[in-house]
Amino acid sequence: MPDLNSQGLSSEEAARRLAEFGPNEQPKPPPPGILAITLRTLKEPMFFLLASAALLYLFVGDLGEGLFMVAGAGASIALVVMQELRTERALEALNRLAEPTAICRRDGVECRMPARDLVPGDLILVGEGERAPADALLIGGDALIVDESLLTGESAPVTKTLADERRQTETPDPGGEHTPFLFAGTMIARGSGLAEVVRTGAHTAMGRLGASLAAIESEPSPLQQRTGRLVATLGAFALLFCLLVFVAYWLVHGDWFEGAIAGITLAIGLLPEEFPMVLAIFLALGAYRLARRNVLVRRTSVTETLGSTSILCVDKTGTLTQNRMRVAFAIPGDERAVETLGEETRKLIRAALRASSLNPVDPMDRAVHAFAAEAGCAPDGEALRSFPIRPDLLAFIQCWRDESGESYAAKGAPEAIANLARLCVEDRARLVVQIGEFARRGLRVLAVATTAPLPQAPPPEAASFDFVGLLAFEDPLREDVPAAVAAARRAGIAVAMVTGDYPATAIAIARQAGLDCDAGAFTGAEIAATPSDLLAEKIRNLRVFARVTPTSKLALVEAFKADGQIVAMTGDGVNDGPALAAAHIGIAMGRRGSDVAREAAHIVLLDDSFASIVAGVALGRRIFANLRRALTYVTAIHIPIAGVALTPILMGLPPLLLPAHVVLMELIIDPTCALVFESQPNDPDAMFKPPRRRDEPLFGSRQLWLGFLQGFVVFLAVMSVYVIDNGFGAPGAQARGLAFATLVVSNLVLALSDALPRGVSLFSRDNLAFWLIAGAAASVLAASLYVPLISELLRFEPPTWPKLVLALMLAVIAGSWFEVWRRLLFPAPARLRENAIA
């Protein structure tokens, strides 16, 4: 068994073992490849219709048109596959960010590293609320309480004790009591310690189950599910209309082939197959964009909710502050704070050190170790056992043995230590005054107590503790917090601070951060004492909550939800899971959060910074707005496509659109939806508006009617060109080509006008994708009108230049009228144009 003070493996030896044993990750299926995505795409109704049209042309109609349809369908499938691959790559990148980490000792240095890089022989620190990253042997620290239900199915936790030489080679199955083996994936319910990795990856007990705990959940959102059902329903109606048009055309005109082609064209025009693709791409790429802002979305469906957050309930430590605890004052007994280190102060430091974890993970324990090292104090003895913090006793107690005997050292909340030491009323009153002085300065205070040495220490509850003194810790506010709080408040988002500190400490930090402190602080005890049906009204205007327990956090979440708020709650502790799961958006801390919190949360904050939360909300609003615009555009453009496919037949005119024309339109629409809309910046005033209403849908009747109106205007423009040109005796092929040019250009103008936020230039860098697509579409359109081989396949004839110019002017008007009207009536204020939030 290795020495507890071992330097750990060297980097060179770790690299050699990684090559020998492989990465420490569970077996997982490979991501879908091009073939799998292609086969999945071919099952869509759209491609069934395209295949039907291609087969009709190949075996009954013109061979050239059939080959063109095959090529067009292939290009359309390739575009979809490329977007699917892009989405898969984004999800893979998110999964890499979500991989678990571990604190490992290598080359004598403790550092946090990806758990996949662990190898047998590594020394790792494990603690409460974390999952064991590999099968390991407990060699130091406390006796652990471990939940192995993931592997055994048993809900009762088991006790893990330190390994000895006899146990070192044992490899029992999970579930045994008083064994030193930790198994990958099991949860440390209580205690902390040092362990040696013995098995990794597929060789672990969990590896044989093939389980994964850190995967990004890309389950369909409710909107995606509703959209999927809508597209399936529209697909059924499209096939029905296809059949009706086919039969009617055959009976009226006696041409079943043209009837089939007309029916297929109408069905393709009716089917908004872009809806599911747009939703999947926006949610996945939106999650990837959020990850680049240090906001890791564990459930991609929450992306559409993030921008609607109306209240942020955030921890103080590490979120508003830097989580760099430092002992500012050590006050022995009932003395005042002093700068010199006298004997009583050294006694306090040694006691505090004995009441801290030997392998510190907690920032306050680390601060105590650092302070003791600066003072030259050591614990002098051997740690026997420890008693972690409990909800009913907010103190950490550790038993030590030295030459004098066995004794306890305790460190924790001052009221808990006062109870342990059985302080009298006068001493408690003096303690309250001291704590109040430090709290008003924004310092966090812990108390320390010890027992006299005895040959054998009794249980802690039977021991006689003596009060030793106080430690005051400072944790500076993050520099970017005041600006981020101000930005949130401008956006109509309330910010509430939830902390376990004293009310005076909480208010002092809240004032520094710029939070609303006018209503004072509300404590966890007051939350517990308030009936649940009155709590929502009681806390409506409160923004500082102190001495809050995990149970109080859950009550806060439920109360804010009952008040109609969209609640985002941060948490990092083992007991924060219920509150994180209950919030609309649970946010776990990525650096200091427990695995329990991360697994319960919807979002993991990679840098634990409040500013990243506000940036994530801004990006969430951008994703929501762009997604809404894209869905409106998809609705709008299918109106003229379906309309011009059906109306000429009803009017007794030659067909305007053929399947090949619709394929060309789809080759423009698909990348426009996926690239142009997704890449647009935020509205300049996005973070100057209040959150959207809780009941406001992403795509409701207002957007549906707007899409219908925009599409109907385009339809009228295209049909006007076609009917008028036919009425003036132009050949049918020329009228068809002129009308198709009108449709293509109005589609491009409509896409740009719908996608472009107010105050953003047409030629901004964010519109590069649009201009590339527009350039490609213009080239294809020119070739289809003026290259004889292509124009014959598409049944076009080149129109005269005057006609083309007039038609394109009408197309620009039809596609842009709504955006021109909107910008004239609602121009972006100059202040917002200058301070646009991307």
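What counts and what doesn't
Residues numbered from 1 in each chain as written. Predicted model: local features only at pLDDT ≥ 70, side-chain atom pairs only at ≥ 80, totals over all residues. Heavy atoms only, no water. Pairing = 2+ DSSP bridges. Helix = DSSP H or I, 4+ residues; strand = E, 2+ residues; numbered from the N terminus. Axes fitted to C-alpha atoms, helices over the stretch in contact; angles between N-to-C directions. Contact = heavy atoms within 4.5 Å. Parallel < 35°, antiparallel > 145°, perpendicular 65-115°, else oblique. Left-handed = near helix turned anticlockwise from the far one by under 90°. Nonpolar A, V, L, I, M, F, W, Y, C, P; charged D, E, K, R; others polar. Core = buried A, V, L, I, M, F, W, Y, C linked by side-chain atoms within 4.5 Å. Buried < 20%, exposed > 50% of the residue type's maximum accessible area, 1.4 Å probe, protein only. Expected span 1.5 Å × (residues − 1). Bend = angle between axes of the 7 residues up to and from the residue. Polar contact = N/O pair within 3.5 Å; in protein donor to acceptor, adjacent residues only side chain to side chain. Salt bridge = Lys/Arg side-chain N within 4 Å of Asp/Glu carboxyl O. Phe/Tyr/Trp six-rings, centres within 6.5 Å; stacked < 30°, edge-to-face > 60°. Patch = residues over 30% accessible without salt bridge, like charges linked within 9 Å, V, L, I, M, F, W, Y side chains within 5 Å. Areas by Shrake-Rupley, 256 points an atom, 1.4 Å probe, with all protein chains shown as cover. Arc of directions from axis to C-beta.

Here we look at the sheet that holds strand β19 (residues 521-523)
Then step 1. Spatial ordering of the open sheet is given by β10-β23-β22-β21-β11-β18-β20-β19, a layout of 8 strands whose pairing is mixed. Pairing within the sheet leaves two strands with one partner each, and these edge strands are β10 (295-297) and β19. The mean angle between the axes of side-by-side strands here comes to 20°, regardless of whether they run parallel or antiparallel.
Then step 2. Where β19 and strand β20 (residues 544-546) come together, 3 bridges link them in parallel fashion. Across the sheet, Thr-523 pairs through a bridge with Ala-546, a residue of β20.
Then step 3. Where helix α19 (residues 550-562) meets the sheet, it contacts β11 (311-315), β18 (494-498), β20 and β21 (567-571), and its direction lies at approximately 170° from that of β21.

A short note on the packing of helix α13 (residues 414-421) against helix α14 (residues 425-440)
Then step 1. Put simply, α13 and α14 touch, their axes get as near as 11 Å, and they point 160° apart. Classified by the angle their axes make, α13 and α14 are roughly antiparallel. Judged by the sense of rotation from one axis to the other, the crossing of α13 with α14 is right-handed. Contacts between α13 and α14 pair Pro-414, Ala-418 and Asn-419 from the former with Arg-428, Leu-431 and Ile-435 from the latter.
Then step 2. Residue composition of the contact of α13 with α14, by class: 4 nonpolar, 1 polar and 1 charged.

Let's talk about the nonpolar core
Then step 1. One finds Val-278, Leu-631, Tyr-633, Leu-656, Leu-657 and Phe-740 to be the most contacted residues of the largest nonpolar core, which totals 67 residues.
Then step 2. The greatest single-element share of this core, amounting to 14 residues, is contributed by helix α25 (residues 732-755).
Then step 3. Core analysis: the next-biggest nonpolar cluster, separate from the first, contains 42 residues, Ala-506, Ala-510, Ile-613 and Leu-619 among them.

So, helix α28 (residues 801-825)
Then step 1. With 25 residues, α28 extends 35 Å from end C-alpha to end C-alpha; this agrees with the ideal 36 Å at 1.5 Å per step.
Then step 2. By the largest-angle criterion, Ser-816 marks the main kink of α28, which is about 55°.
Then step 3. Along α28, the residues classified as buried are Leu-804, Ala-807, Ala-811, Ala-814, Gly-815, Ser-816, Phe-818, Glu-819 and Arg-822.
Then step 4. Its buried side turned inward, α28 meets α24 (701-727), α25 and α26 (768-786).

Thoughts on the environment of Thr-451
Then step 1. Positionally, Thr-451 belongs in strand β16 (residues 444-451).
Then step 2. In sequence terms Thr-451 and Phe-465 are 14 residues apart; their C-alpha atoms lie 4.6 Å from each other.
Then step 3. In this structure, Thr-451 is in contact with Ser-407, Tyr-408, Ala-463, Ser-464 and Phe-465, ignoring residues within four places of it in sequence.
Then step 4. Among the polar contacts made by the side chain of Thr-451, one reaches the main-chain amide nitrogen of Tyr-408 at a distance of 2.8 Å.

Topic: the pattern of salt bridges
Then step 1. In this structure the tally under the stated criterion is 25 salt bridges.
Then step 2. In this structure, the salt-bridge partner of Arg-16 is Glu-20, at a minimum N-O distance of 3.2 Å. With Arg-16 and Glu-20 both in helix α1 (residues 11-21), this residue pair falls 4 residues apart, about one helical turn.
Then step 3. Between Asp-685 and Lys-689 there is a salt bridge, with the nearest N and O atoms lying 3.9 Å from each other.
Then step 4. Taking the relative accessible area as the measure of exposure, Asp-685 reaches 9% and is therefore buried.
Then step 5. Residue Lys-689 is classed as partly exposed on the basis of its relative accessible area, which comes to 37%.
Then step 6. Bridged by salt links that share partners, the residues Glu-13, Arg-16, Arg-17 and Glu-20 form one connected network.

Focus on the packing of aromatic side chains
Then step 1. The full count for this structure, using the stated rule, is 15 aromatic pairs.
Then step 2. Look at Phe-818 and Trp-821: their rings are 5.7 Å apart centre to centre, the planes differ by 40°, and that puts the pair in the tilted class. Taken together, the positions of Phe-818 and Trp-821, both in helix α28 and 3 residues apart, correspond to about one turn of that helix.
Then step 3. Residue Phe-818 is classed as buried on the basis of its relative accessible area of 17%.
Then step 4. A connected cluster of aromatic rings, assembled from ring pairs, spans Trp-705, Phe-708, Phe-712 and Phe-715.

Brief notes about the sheet that holds strand β6 (residues 158-160)
Then step 1. As summarised here, the arrangement of the 3 strands in space is β6-β5-β8, forming an open sheet in which the pairing is antiparallel. Two strands close off the open sheet at either side, each with one partner strand: β6 and β8 (187-190). Here the average twist between neighbouring strands, direction ignored, is 45°.

Side note on a nonpolar patch on the surface
Then step 1. A cluster of nonpolar side chains, contributed by Phe-237, Leu-240, Phe-241, Leu-244 and Leu-270, occupies part of the molecular surface with about 450 Å² of accessible area.
Then step 2. Looking at the nonpolar patch element by element, the count peaks at 4 residues for helix α6 (residues 222-253).
Then step 3. Along the chain, Phe-241 turns up in helix α6.

Quick notes on α19
Then step 1. With 13 residues, α19 should cover 18 Å at 1.5 Å per step; its first-to-last C-alpha distance of 19 Å lies within 8% of that length.
Then step 2. Taken together, the buried positions of α19 are Ser-552, Lys-553, Leu-556, Val-557, Ala-559 and Phe-560. Relative to the axis of α19, the buried residues are bounded by an arc of 165° and lie together on one face. Projecting away from the buried face of α19 at angles above 90 degrees are the exposed residues Thr-551 and Ala-562.

Some words on the packing of α24 against α25
Then step 1. Interhelical geometry of α24 versus α25 gives an angle of 160° and a closest axis separation of 9 Å. By the criterion of interaxial angle, the relationship of α24 to α25 is roughly antiparallel. Crossing of α24 over α25 shows right-handed handedness. Facing Gln-710, Val-714, Ala-717, Val-718, Val-721, Tyr-722, Asp-725 and Asn-726 of α24, the residues of α25 in contact are Gly-732, Gln-734, Ala-735, Arg-736, Leu-738, Ala-739, Thr-742, Leu-743, Ser-746, Leu-750 and Asp-754.
Then step 2. Of the residues that constitute the contact of α24 with α25, the class distribution is 10 nonpolar, 6 polar and 3 charged.

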